[in-house]
Amino acid sequence: MDKQLFTISVFTENQVSLLHQISMVFSRRCLNIESMTVSACSIPGVHKFTITCKSTREMMEHVVKQIEKRVDVLRAFLYTDDEIVFQEVALYKVPTESVLKSQDIENIVRKSGARVLEIQPEYTVFEKTGHTVEVKDLFEKLQPLGLRQFVRSGRIAVTKAPHELVDEFLHHQNKRRDNLISKEK
C-alpha cells in the first residue's frame with residue numbers, strides 16, 4: 001500500500017502527560033510524526049493538536065481510534081490535504097552583509113512572498129508562510145547567502161467543513177447528558 005501524508009486533529013483537555021500518551025501511540029507502531037503543533041482552539045478549555053504523519057489510511061485510522069481511547073481526548077479526526085486548509089511558518093536568519101551584496105535578494109523575497117521581520121547590522125530575519133514545498137524552496141534560495149538559522153513550525157490547519165466537527169460531537173454529548181439527567185429526575 002502507498003503511504004501518504006495525513007493530518008490528524010486531536011481535541012483535548014489541557015492535561016499533563018497527554019503529549020507523551022499521544023506520541024506513544026505513534027511510537028508503538030514505528031510511525032514517525034512529521035510535524036506537530038498544539039494550541040488553544042476556539043472552544044474554551046479545549047486544545048487542538050495538529051499532527052502530520054506518512055502512512056497508509058488503514059494504519060492512520062487505527063491510530064486515530066487509539067488516540068481517542070485516551071481519557072483526556074475529546075475527539076480525533078483524520079484528514080487528507082484536500083479536506084483542509086493548511087500552512088506553516090518559517091523563519092530564516094541570514095547575514096545582512098550577504099543580503100546587501102546579493103543581486104537577487106529583492107527578487108527572491110518578492111517571488112516567494114516572504115517578508116523582512118528584522119534587520120540588524122549582523123543579520124536579517126525573513127519570514128515565510130506557506131506550504132512545506134514553498135518553505136523548503138526559499139530555504140534553498142537563501143542557503144547560498146550563508147543561512148545562519150532556520151526554523152519552521154509544524155502544520156496548522158482548519159477543515160473545509162462549514163463548522164468544526166468537534167462542535168457537533170460536544171453538542172451531541174451535552175444532549176446525551178441532559179437526557180440522562182432528565183431521566184434520573
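The coordinates are above.
Residues numbered from 1 in each chain as written. Predicted model: local features only at pLDDT ≥ 70, side-chain atom pairs only at ≥ 80, totals over all residues. Heavy atoms only, no water.

1. A word on the overall build of the protein chain
Applied cut-off: Helix numbers and strand numbers start at the N terminus; a helix is a DSSP run of H or I with at least 4 residues, a strand a run of E with at least 2. Computation of the radius of gyration draws on C-alpha atoms, with the globule rule given as 2.2 Å multiplied by the number of residues to the power 0.38. We call a residue buried when its accessible area falls under 20% of the maximum for its residue type, exposed when it is over 50%, and partly exposed in between, using a 1.4 Å probe and counting protein chains only. What makes two residues a contact is simply this: any of their non-hydrogen atoms within 4.5 Å. Surface accessibility follows the Shrake-Rupley procedure with a 1.4 Å probe radius. Residue values consider only the protein chains on display as shielding.
Secondary structure summary: the protein chain contains six helices and nine strands in total. Expected size for 185 residues packed as a compact globule is a radius of gyration near 16 Å; at 21 Å, the protein chain overshoots this value by more than 25%. Projected onto its principal axes, the C-alpha coordinates of the protein chain cover approximately 75 × 40 × 30 Å. Looking at the 185 residues of the protein chain, the share that counts as buried comes to 38%. Contacts spanning at least 24 positions in sequence make up 76% of the contacts within the protein chain whose residues lie at least 6 apart. Only carbon and sulfur atoms are counted for the fraction: they give 51% of the accessible area of the protein chain, which is about 11500 Å².

2. A word on the packing of helix α4 (residues 105-112) against helix α5 (residues 132-142)
Condition: A fitted line through C-alpha atoms represents every axis, and for helices the fit uses only the stretch in contact; the resulting angles, taken between N-to-C directions, go from 0 to 180 degrees. Every angle not falling under 35 degrees, over 145, or within 65 to 115 is termed oblique; those three ranges are roughly parallel, roughly antiparallel and roughly perpendicular. In this classification, the charged set is Asp, Glu, Lys and Arg, the nonpolar set is Ala, Val, Leu, Ile, Met, Phe, Trp, Tyr, Cys and Pro, and all remaining amino acids, among them Gly, are polar.
Contact geometry for α4 and α5: axes closest at 11 Å, N-to-C directions at 175°. With respect to α5, the axis of α4 lies roughly antiparallel. Residues Ile105, Ile108 and Ser112 of α4 pack against Leu138, Lys141 and Leu142 of α5. Taken together, the residues of the contact of α4 with α5 break down into four nonpolar, one polar and one charged.

3. So, the side chain of Arg155
Rules: Identification of polar contacts relies on pairs of N or O atoms within 3.5 Å, with a donor-acceptor requirement for protein atoms, meaning one able to donate a hydrogen and the other able to accept it, and with residues adjacent in sequence counted only if both atoms are side-chain atoms.
Counting through the fold element by element, Arg155 comes out in the loop between β8 (149-152) and β9 (156-159). Among the polar contacts listed, one links the side chain of Arg155 to the side chain of Thr7, at a separation of 2.7 Å. Apart from residues no more than four positions distant in its own chain, Arg155 is found in contact with Leu5, Thr7, Ser35, Thr37, Thr50, Thr52, Asp81, Ile84, Phe86, Gln87 and Glu88.

4. Quick word on a nonpolar patch on the surface
Selection criterion: Residues enter patches when their relative accessible area tops 30% and they take part in no salt bridge; the joining distance is 9 Å for like charges and 5 Å for the nonpolar side chains Val, Leu, Ile, Met, Phe, Trp and Tyr. Here, a salt bridge means any Lys or Arg side-chain nitrogen found within 4 Å of an Asp or Glu carboxyl oxygen.
Among the surface-exposed residues, Leu91, Leu117 and Val151 lie close enough to one another that they form a single nonpolar patch of about 230 Å² accessible area. Tracing the backbone through its elements, the reader meets Leu117 in strand β6 (residues 115-119).

5. Side note on the pattern of salt bridges
Tallying each qualifying case throughout the model produces eight salt bridges. The salt bridge involving Glu97 is made with Lys101; its shortest N-O contact spans 2.9 Å. Of the two residues, Glu97 and Lys101 are both situated in helix α3 (residues 96-101); the distance of four residues between them amounts to about one turn of the helix. Taking the relative accessible area as the measure of exposure, Lys101 reaches 59% and is therefore exposed.

6. Some words on the sheet that holds strand β3 (residues 46-55)
The condition is simple: At least two bridges found by DSSP between two strands is the condition for calling them paired.
In space, the four strands of this open sheet follow the order β2-β3-β1-β4, with antiparallel pairing throughout. Looking at which strands have only one partner, the edges of the open sheet turn out to be β2 (33-40) and β4 (73-79). Each adjacent strand pair in this sheet contributes to an overall mean axis angle of 15°, direction not counted. Direction of pairing for β2 relative to β3: antiparallel, over a ladder of seven bridges. Across the sheet, Met36 pairs through a bridge with Ile51, a residue of β3. On the sheet, helix α1 (residues 18-28) packs against β1 (4-13), β2, β3 and β4 and is oriented at approximately 20° with respect to β3. Lying on the sheet, helix α2 (residues 57-68) is in contact with β1, β3 and β4; it crosses β4 at an angle near 170°.

Just geometry here; none of it tells us what the structure is for.
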